[in-house]
Number of protein chains: 2
Amino acid sequence: MLFSKGCTYAIRAALLVAVKETREGRKFIPIRELADELDLSFHFLTKILQVLTEAEIMESFRGPNGGIGLAREANKISLIQIISAVDGMSLFSECALGLPDCGEAKPCPLHQSWSKRREELKRMFEKTTLATLAQDFSKNSFRN
Amino acid sequence: MLFSKGCTYAIRAALLVAVKETREGRKFIPIRELADELDLSFHFLTKILQVLTEAEIMESFRGPNGGIGLAREANKISLIQIISAVDGMSLFSECALGLPDCGEAKPCPLHQSWSKRREELKRMFEKTTLATLAQDFSKNSFRN
DNA sequence: CGGTATTAAGAGTCTCTTGTCTTAATATAT
DNA sequence: ATATATTAAGACAAGAGACTCTTAATACCG
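Engineer: Mind laying out helix H2 (residues 31-38) of chain B, listing which residues take part and the relevant values?
Structural biologist: Residues and elements named next belong to chain B. Turning to H2, its buried residues are Ile31, Leu34, Ala35 and Leu38. Take H2 and look down its axis: the buried residues cluster within an arc of 100 degrees, on one side only. Structurally, H2 contributes buried residues whose contacts are with helix H1 (5-24), helix H3 (42-54) and strand S2 (67-70). Positive backbone phi, approximately 60 degrees, marks aspartate 39, located one or two places after H2.

What follows is the structure, encoded as structure tokens:
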């Protein structure tokens, strides 16, 4: 598993919010609605989305007509921001063999090839935004 | 974390065995010796290496002068074989968003970009063998 | 003001990974 | 045979990840 479960839930939920905001013109979507449509545990999703609001990626509002919404435009929220908030950046900085001091100075035997791929992956998640994904979403939803 | 801890230990140990076999001309290396040099728990490493012997990647021998050795030449053992035995191949087949039915037929919004990187990573681990790593090892050990 | 809808916070549970420890099996040497 | 060195196997424990549930805080509406 590349990401934790929580991280995949966060991405799915953020994407669904982005789609709903543009499609239905709503600002705040209740987490219960997201959990139902994504078939996820409401309480668990709530906790994960709290991380995104703390990271100022999303905004939340309590009470009737409350819910959660993007803190800025969908094309200003890249996947790396969500990944970083939920899972941290260790995937993109750590040695594949888990060696603590591996780096350019003291490379492990896998360092060259892995760090190259690692950077490519990172760049990919940096340039992919919720807006990018939302375009694809119109053709293929992820309730597959 | 790309791999489980056990998987990184397995790769480190297998590589050390490869190096020791060629450098010192020994056929079986005691696991205790590997655990000491790699600074890993002996019992845990033993359990992980059992997986590699079951997968016929390594061979073991009990009793005095016993230990563990490669089941074939180092250039015939690719990292993907070790990874597959310990962690399975799910990293190279699963959807980045964890969606069960994601694939060419029903792609999630990340499918195109991730499956491409996934394949590249897989090929990299297929073509990297213990012999490849052992070359690098002569310059930089991994007790860093 | 009181009821209701919603997120926030936090305790508690379940499961899987990681690691420890003990005992059994097996091979060697004397 | 007996002692010793080693892997094999399996029970057990600690920790983290993945949920579950309950209560509190907040906002709206009548």
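Read on, since the account is not over.
Engineer: Can you explain empty space enclosed by the protein? Please cite residues and give values.
Structural biologist: One simple way to see leftover space: roll a probe sized like a water molecule over the atoms. Counting across every chain of the model gives 1 cavity of 30 Å³ or more. Broken down by secondary-structure element, the contributors of at least two residues to the lining of the largest cavity are helix H5 (111-127) of chain A together with helix H5 (111-127) of chain B. Residue composition of the lining of the largest cavity, grouped by class: 2 nonpolar, no polar and 4 charged.

Engineer: Please provide a residue-by-residue account of the protein's contact with DNA strand D, values included.
Structural biologist: Around DNA strand D, the structure places 24 residues, and the nearest of them are A:Lys5, A:Tyr9, A:Arg62, B:Ile31 and B:Ser60. Considering DNA strand D, the proportion of its atoms within 4 Å of the protein that are sugar or phosphate atoms stands at 62%. Contact distances for DNA strand D include 3.2 Å between a phosphate oxygen and a backbone N or O atom of A:Lys5. Within the backbone of B:Ile31, an N or O atom sits 2.5 Å from a phosphate oxygen of DNA strand D. Looking at the surface near DNA strand D, the elements with two or more residues in it are helix H1 (5-24) and helix H3 (42-54) of chain A together with H3 and strand S1 (58-61) of chain B. Counted by class, the surface near DNA strand D contains 10 nonpolar, 9 polar and 5 charged residues.

Engineer: Help me get a handle on the packing of H2(B) against H3(B), residues and values and all.
Structural biologist: Residue and element names in this part refer to chain B. Running from N to C, H2 and H3 cross one another at 120 degrees; their axes reach a closest spacing of 9 Å. In terms of orientation, H2 lies oblique with respect to H3. In the packing of H2 onto H3, the handedness of the crossing is right-handed. Touching Ile31, Arg32, Leu34 and Ala35 of H2 are Phe42, Leu45, Thr46 and Leu49, all from H3.

Engineer: Requested: an account of the confidence of the model for chain A, with residues and values cited.
Structural biologist: In regions of low pLDDT, the predicted coordinates are not meant to be interpreted in detail. Averaged over all residues, the pLDDT of chain A equals 95, while 98% of them reach at least 70. Across the whole predicted complex the pTM is 0.95, and at the interface the ipTM reaches 0.93.

Engineer: An account of the nonpolar core is requested, with residue identities and associated values reported.
Structural biologist: In terms of nonpolar packing, the biggest core is built from 100 residues, with A:Ile82, A:Phe125, A:Leu130, B:Ile82, B:Phe125 and B:Leu130 touching the most fellow members. A:Ile82 has contacts with A:Ala10, A:Ile11, A:Ala14, A:Leu52, A:Ile57, A:Ile77 and A:Leu130, leaving out every residue within four places of it along the chain.

Engineer: So what's going on with the protein's contact with DNA strand C? Residues and values would help.
Structural biologist: Taken together, 24 residues surround DNA strand C, and among them A:Ile31, A:Ser60, B:Ser41, B:Phe44 and B:Arg62 come closest. Near the protein, meaning within 4 Å, the atoms of DNA strand C are sugar or phosphate in a fraction of 61%, with bases accounting for the rest. In this structure, B:Tyr9 approaches DNA strand C through a side-chain N or O atom, which is 3.2 Å from a phosphate oxygen. Between B:His43 and DNA strand C, the recorded distance is 3.5 Å, taken from a side-chain N or O atom to a base nitrogen. Breaking the surface near DNA strand C down by element, the ones donating at least two residues are H3 and strand S1 (58-61) of chain A together with H1 and H3 of chain B. Across the surface near DNA strand C, the residue classes break down as 10 nonpolar, 9 polar and 5 charged.

Engineer: Can you lay out the side chain of B:Thr128 for me, pointing to particular residues and giving the numbers?
Structural biologist: All names here are of chain B. One can find threonine 128 in the loop between H5 and helix H6 (130-139). Using a relative accessible area of 9% as the deciding quantity, one classes threonine 128 as buried. There is a polar contact of 2.7 Å between the side chain of threonine 128 and the backbone oxygen of methionine 124. Once residues within four sequence positions are removed from consideration, threonine 128 is found in contact with Ile77, Ser78, Leu79 and Leu133.

Engineer: With reference to specific residues and values, describe the environment of B:Lys127.
Structural biologist: By the element assignment, B:Lys127 lies in helix H5. When the C-alpha atoms of B:Lys127 and B:Lys76 are compared, they prove to be 9.9 Å apart, with 51 residues separating the residues in sequence.

Engineer: Please give an account of the interface of chain A and chain B that cites residues and values.
Structural biologist: Taken together, the contacts link 36 residues of chain A with 36 residues of chain B. Of the roughly 3,300 Å² buried at the junction of chain A and chain B (both faces included), carbon and sulfur atoms supply 67%. Counting every contact that joins chain A to chain B gives 2 salt bridges. Among the ionic pairs, A:Glu120 bridges to B:Arg117, the shortest N-O distance being 3.3 Å. On inspection of chain A and its partner chain B, the count reaches 4 residue pairs in polar contact (both at pLDDT 80 or more). Contributing elements (two or more residues each) for the side of chain A that touches chain B: H1, H5 and helix H6 (130-139) of chain A. The element that contributes the greatest number of residues to the side of chain A that touches chain B is H5(A), accounting for 7 residues.

Calculation criteria
Residues numbered from 1 in each chain as written. Chains lettered and ligands numbered in written order. Predicted model: local features only at pLDDT ≥ 70, side-chain atom pairs only at ≥ 80, totals over all residues. Heavy atoms only, no water. Buried < 20%, exposed > 50% of the residue type's maximum accessible area, 1.4 Å probe, protein only. Helix = DSSP H or I, 4+ residues; strand = E, 2+ residues; numbered from the N terminus. Arc of directions from axis to C-beta. Contact = heavy atoms within 4.5 Å. 1 Å grid on protein atoms, 1.4 Å probe; cavity = no way out; pocket = protein on both sides within 12 Å on 5 of 7 lines; lining within 4 Å. Points joined across faces, edges and corners; volume = space filled by probe spheres on them. Nonpolar A, V, L, I, M, F, W, Y, C, P; charged D, E, K, R; others polar. Near = heavy atom within 4 Å. Polar contact = N/O pair within 3.5 Å; in protein donor to acceptor, adjacent residues only side chain to side chain. Axes fitted to C-alpha atoms, helices over the stretch in contact; angles between N-to-C directions. Parallel < 35°, antiparallel > 145°, perpendicular 65-115°, else oblique. Left-handed = near helix turned anticlockwise from the far one by under 90°. pLDDT = per-residue confidence, 0-100. Core = buried A, V, L, I, M, F, W, Y, C linked by side-chain atoms within 4.5 Å. Buried area = accessible area lost by both parts, 1.4 Å probe. Salt bridge = Lys/Arg side-chain N within 4 Å of Asp/Glu carboxyl O.

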